[in-house]
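The lines below spell out each chain.
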Amino acid sequence: MPRPGFVLDVDRSTPPILFHHGEQFRLEKLPPGRSRVIYPAEPLPAIDDVEGAIRDALCNPLGDSEPLPALLRPGMKLTIAFDDISLPLPPMRSPDIRQRIIEQVLDMAAAAGVDDVHLIAALALHRRMTEAELRHAVGDRVYDAFAPHGLLYNHDAEDPDNLAYLGTTDQGEEVEINKRAAESDLIVYVNINLVAMDGGWKSTATGLASYRSLRHHHNVHTLRHSRSFMDRHSSELHHSNWRMGKVLRDSGVKVFQIETTLNNDTFGADGPLSVLQKREWEWTAKDRMTFLAVKTGLDKLSPALRRKAMHSWKAPYGLTSVQAGEVEAVHEVTTANVYAQHLVPLEGQTDILTFGLPYICPYNVNSVLNPILVMSLGLGYFFNLYKGRPPVREGGVVILSHPTPWEFHPVHHPSYIDFFEQVLADTTDPVEIEQRYERQYAEDEWYRHLYRTSYAYHGVHPFYMWYWGSHGLQHAGKVIIVGGDVRAVRRLGFTPASTLQDALEMATDVVGPQPTITHVHNPPILMADVT
Amino acid sequence: MSLPGRNEPKRLPINPEALAGVARAAGRRSLASTMARVPFPLRAPTVPVGVEPAPRPSKLGAEYDTDWARRYPARLARVVLVEGVVRPAAYAIARPMVGGTDRVADYEGPAIFAANHHSHIDTGLLLSTIPEPWRHKLVIGAAADYFFGNRVTAPLSALAIGAIPIERTRVSRRSADDAAALIDDGWSFLIFPEGGRSPDGWGQEFRGGAAYLSLRCGVPVVPVHLAGTGRILPKGTNVPKPGPTRVTFGHPLWPTPDEDSRRFAARLEQTIAALADEARTDWWSARRRAHTSSTPSLSGPEVGAWRRTWALGDRTAARRRAARAWPNL
């Protein structure tokens, strides 16, 4: 039986604690008596018969939905949309769960005589997926059958001819999604719900939407009032998506939602990285030797090779649940299953919250984790992994550990470079950034061209990353980055520190002497349920 | 007085080696005669003149004992041979594109791999492409009359490819018992249910061996389709002509409760036909044809020989002879 997540009170005999530090690692001694470490739950048991579970979900849907075979008929238009490269993280080992589901959906479509099928990577304003990435997600069989005929492709949020405007919500939010999907008799959406934020109406209303639609919830106001993104009922982001979902439903868009949850087996039970998901005092001699070998090896590699080595890791995730049917009914069950793996009860807030940021976030798969993504990962994703209230008190200090190199991927993140050089050099205030710069970047023809024809994130994407962290930015009294490039950290508006001890010392200026410290031992992913 | 040696016969020079050989032969004879004097039962009995001697039981063919080839020294030698020789050679000659291994990724335990059969290279190719952990705990059902017919090929087949003899000319319980015992013991089994290589490029009807073993041992059959090997080394040729191949693994198949080995074998054949269709066209088209029962059969159209060859299209194994080089007069 896997052990649940737990909170360790650090004492004098607690060994140094592992901090992820980009593509490297640090072992840090936390002050005893006033520090605690939140550990994730061990991986829940995976489903043995994955194919059977998928079949069962498709044939026994939840909510007000007929079984998938009953929804398929000859002559219909079927669109299968699926999550893009940003999920899961790290990418999972082949066969990807999307492939397994899509193959079964297509098999049922073939049995029903459905000819008109399109497959769309629902990537919103993310970069287009390469052939290799699409092949990894949907498998060679599906790729070879559909892509050569132009039936498997990336969603294009800037193609006016292939977007359909469906109306506005009761709060005036415009809903515009992929035309092929909107005009289909059925959309089958295949989700990987890595965290509680994923799925629900957010899949279709965000993944297949255009900038015109996305700007209504990807803005500073909405994201500051999403507390947190991981708790749908307290998330303004989700409320907006749910309102858009109602517009979709009322417009006659029929969605058969398939959601899946994965366990916490991010680094495997054995192998070179298995030590990363063990608790430090349980590291065996072999674990310690492996850790030292991996750390020394990575330290000796050039940055490019180190990145390549880490990005080559494919997680051996196990499937813990798959459910299908009506969007909201499915999502309720999915969220409960995600929480079962991720939630760790935590009593009370802390003065200082520390995160070791890993090498990967949703927007740098096979790419560079640039300084803006460091901010988004730390203050956007990690900070929001809570339910109830943030683990750090308002005005507390957030300490991030990451090298934060002044480095950008020129193909993937062209607008990030300009955002960093132009916008952040001027101001780091999200509201001011939104008012003064967003439209200029969002409507820039060159960025639009690169998004549509190259592999670039949309021009507005770095803004969304900055907004993503705006709740954390507003909540924290100070943000310190340990071990980061000093110039890059200062450009972000944060404080650089060489060591964790220095950072803790600096933090006392804000939170006073002898502060309480909480370290989130993530990844594998955990979510603090703070009471 | 005569000169010494003048009237004596001339002696040839003595070869000391020949002398030693004669001595050795004499020694042997003397040993044989010694043995002949050893009383029965210390020596073999003689056969009475009036009795027809019973034929000595053959230790070849289906009777060849391959137990030694599954002991650790032989297994180690086979791993070295497969990884060091067979695999590089197969990849150099057949350039395989392997697909569908993800379909077997979930399964653990022994399995029966059943493939269509066009060429001798099929075995080497499968030994090189069947995924771990099955690859190195695999026995291969090989025709007893062909592979175990003499004292050279029999041990070589057992050692190099882990073959066990399968009787194909008559119904034999022993072959099935041996194979079942090995599967029960955790070994996986590779078999070509057609019973032999394709004579004309088209498949032959599947026999029930793989299906029978699956039913008997409760292990799944993994269908495998091989495409392109018939062009490399078709039946009747000895020199391989390198070319691309495609190996497609299917989902493991279990017999349903109402299936006997004949029906299961027929389903296995249909599944491999669908894999062949998938390899030739694409997965989606193949699935649609499978659902409308219009998957092209492995055995080809039942028409005249030339039309069957014609229907093979570019899959034909026909080879063009090298142009004769006439002397330049």
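Residues numbered from 1 in each chain as written. Chains lettered and ligands numbered in written order. Predicted model: local features only at pLDDT ≥ 70, side-chain atom pairs only at ≥ 80, totals over all residues.

Trainee: I would appreciate a short explanation of the environment of Pro303 of chain A in the present structure.
Mentor: All names here are of chain A. Along the chain, the position of Pro303 falls in helix 11 (residues 303-311). Assessed through the 13 C-beta atoms surrounding it within 10 Å, Pro303 is described here as partly exposed. Sequence separation of Pro303 and Glu23 is 280 residues, and the distance between their C-alpha atoms is 8.5 Å. (Helix = DSSP H or I, 4+ residues; strand = E, 2+ residues; numbered from the N terminus. Buried ≥ 20, exposed ≤ 12 C-beta atoms within 10 Å, placed from the backbone.)

Trainee: Is there a simple way to explain the interface of chain B and chain A in this structure?
Mentor: One frequently used descriptor of interface size is the decrease in accessible area upon assembly of the parts. Each side of the interface is counted separately: chain B has 12 residues, and chain A has 14 residues. When residues of the side of chain B that touches chain A are assigned to their parent elements, the largest contribution, 6 residues, is made by helix 10 (residues 283-291) of chain B. Residues of the side of chain B that touches chain A, tallied by class, amount to 3 nonpolar, 3 polar and 6 charged. (Contact = placed C-beta atoms within 7 Å. Nonpolar A, V, L, I, M, F, W, Y, C, P; charged D, E, K, R; others polar.)

Trainee: When you look at the sheet that holds strand 1 (residues 6-9) of chain A in this model, what are you seeing that I'm missing?
Mentor: For sheets, the rule is that strands pair by backbone hydrogen bonds, running either parallel or antiparallel. Residues and elements named next belong to chain A. Pairing within the open sheet is mixed, and its 7 strands lie in the order 1-4-19-14-16-17-18. Since the sheet does not close on itself, it has two edges, and those belong to strand 1 and strand 18 (495-497), each with one partner. Mean inter-strand twist for the sheet, computed between neighbouring axes without regard to direction, equals 25°. Where strand 16 (residues 392-401) lies against strand 17 (residues 478-482), 5 bridges are found, and the strand directions are parallel. Bridging across to strand 17, Ser401 finds its partner in Val482. Here helix 13 (residues 371-382) sits on the sheet in contact with strand 14 (350-356), strand 16, strand 17 and strand 19 (517-520), set at roughly 140° to strand 16. (Pairing = 2+ DSSP bridges. Axes fitted to C-alpha atoms, helices over the stretch in contact; angles between N-to-C directions.)

Trainee: Looking at this structure, how should I read helix 4 (residues 131-146) of chain A?
Mentor: An α-helical turn contains 3.6 residues, so any two residues separated by three or four positions project in the same direction. With 16 residues, helix 4 of chain A ought to run about 22 Å at 1.5 Å a step, yet its terminal C-alpha atoms sit only 12 Å apart, falling short of that. If you look at helix 4 of chain A, its biggest bend is around 115°, right at Gly139 of chain A. What helix 4 of chain A keeps buried is the set Leu134, Arg135, His136, Ala137, Val138, Gly139, Arg141, Val142, Tyr143, Ala145 and Phe146 of chain A. Buried residues belonging to helix 4 of chain A abut strand 5 (77-83), helix 3 (97-112), strand 6 (116-122) and strand 7 (152-154) of chain A together with helix 9 (261-280) and helix 10 of chain B. (Expected span 1.5 Å × (residues − 1). Bend = angle between axes of the 7 residues up to and from the residue.)

Trainee: Where do I start with the packing of helix 4 of chain A against helix 10 of chain B in this structure?
Mentor: The axes of two packed helices give the description: the angle between them and the distance between them. The contact between helix 4 of chain A and helix 10 of chain B brings their axes to 7 Å, and the two run at 90°. When the interaxial angle is binned, helix 4 of chain A and helix 10 of chain B end up roughly perpendicular. On helix 10 of chain B, the residues touching Arg141, Val142, Asp144, Ala145 and Phe146 of chain A of helix 4 of chain A are Trp283, Trp284 and Ser285 of chain B. For the contact of helix 4 of chain A with helix 10 of chain B, the per-class residue count stands at 5 nonpolar, 1 polar and 2 charged. (Parallel < 35°, antiparallel > 145°, perpendicular 65-115°, else oblique.)

Trainee: How should I be thinking about the sheet that holds strand 12 (residues 319-325) of chain A in this particular structure?
Mentor: All names here are of chain A. If you trace the 6 strands from one edge of the open sheet to the other, you get 7-6-5-10-11-12, paired in mixed fashion. Pairing within the sheet leaves two strands with one partner each, and these edge strands are strand 7 and strand 12. Within the sheet, the average angular offset between the axes of one strand and its neighbour, ignoring direction, is 15°. Of the pairings in the sheet, the one linking strand 10 (residues 186-190) to strand 11 (residues 255-262) comprises 4 bridges and is parallel in character. Bridge pairing links Tyr189 to Gln257 in strand 11. Seen against the sheet, helix 4 touches strand 5, strand 6 and strand 7 and runs at an angle of roughly 140° to strand 7. Sheet strands in contact with helix 12 (residues 327-342) are strand 11 and strand 12, and its direction is about 5° off that of strand 11.

Trainee: Before we go on, may I ask you to explain unusual backbone geometry in this structure?
Mentor: With the exception of glycine, the majority of residues adopt a negative phi angle, and the majority of peptide bonds are in the trans configuration. Residue and element names in this part refer to chain A. Here the amide bond leading from Leu89 into Pro90 is cis, since omega sits at -15°, within 30 degrees of zero. Within the secondary structure, Pro90 is located in the loop between strand 5 and helix 3. Ser94 connects to Pro95 through a cis peptide bond whose omega is -5°. With respect to the element layout, Pro95 can be found in the loop between strand 5 and helix 3. A positive phi angle is found at Thr404, which is not glycine, with a value near 45°. Within the secondary structure, Thr404 is located in the loop between strand 16 and helix 14 (414-426). Residue classification places Thr404 among the buried residues on the basis of 29 C-beta atoms within 10 Å.

Trainee: Is there a simple way to explain the pairing of strand 5 of chain A in this structure?
Mentor: Sheet faces and side chains relate simply in a regular strand, where the side chains alternate between the two faces. Residue and element names in this part refer to chain A. Burial runs high along strand 5: 6 of the 7 residues are buried. Where strand 5 meets strand 6, 7 bridges bridge the pair, whose relative direction is parallel. Across the sheet, Asp83 pairs through a bridge with Ala122, a residue of strand 6. Crossover connection from strand 5 via helix 3 to parallel strand 6: handedness right-handed. As paired elements, strand 5 and strand 10 share 5 bridges and run parallel to each other. Bridged to Ile80 within strand 10 is Val188. (Right-handed = clockwise from strand over helix to strand, strands pointing away.)

Trainee: How should the domain arrangement of chain A be read in this particular structure?
Mentor: All names here are of chain A. The domain architecture assigned to chain A consists of domain 1 (6-39 + 347-530), domain 2 (50-262) and domain 3 (268-312). Centre-to-centre separation of domain 1 and domain 2, based on C-alpha positions: 29 Å. Contacts between domain 1 and domain 2 engage 30 residues on the former and 26 residues on the latter. Residues belonging to the side of domain 1 that touches domain 2 are distributed by class as follows: 19 nonpolar, 7 polar and 4 charged. (Domains from an automatic or database assignment.)

Trainee: Help me out: how do you make sense of helix 20 (residues 500-511) of chain A in this one?
Mentor: All names here are of chain A. Taking 1.5 Å per residue as the helical rise, helix 20 with its 12 residues ought to reach 16 Å, and the 16 Å between its terminal C-alpha atoms agrees with that figure. Residues of helix 20 that are buried: Leu500, Ala503, Leu504, Ala507 and Val511. Viewed end-on, helix 20 has its buried residues packed into an arc of 95°, placing them on one side of the element. Away from the buried face of helix 20 by more than 90 degrees, exposed residues Glu505 and Asp509 are located. In this structure, the buried side of helix 20 is in contact with strand 3 (24-28), strand 14, strand 16, strand 17 and strand 18. One or two residues past the end of helix 20 sits Gly512, with phi positive at roughly 90°. (Arc of directions from axis to C-beta.)

Trainee: Could you clarify how one ought to interpret the environment of Asp282 of chain B in this entry?
Mentor: Mapped onto the fold, Asp282 of chain B is located in the loop between helix 9 and helix 10. Residue classification places Asp282 of chain B among the buried residues on the basis of 20 C-beta atoms within 10 Å. Sequence spacing of Asp282 of chain B and Val219 of chain B is 63 residues, and the spatial spacing of their C-alpha atoms is 29 Å. Setting aside residues up to four positions removed in sequence, Asp282 of chain B forms contacts with Asp144 and Ala145 of chain A.

Trainee: Help me understand the pairing of strand 9 (residues 174-178) of chain A in this model?
Mentor: Residue and element names in this part refer to chain A. Burial analysis of strand 9 places 4 of its 5 residues in the buried class, which makes it a mostly covered element. Both strand 8 (residues 163-168) and strand 9 contribute to a ladder of 5 bridges, which runs antiparallel. By the bridge assignment for strand 9, Gly167 is matched with Val175. Counted between consecutive antiparallel strands, the loop separating strand 8 from strand 9 contains 5 residues, among which Gly172 sits at a positive phi close to 80°.

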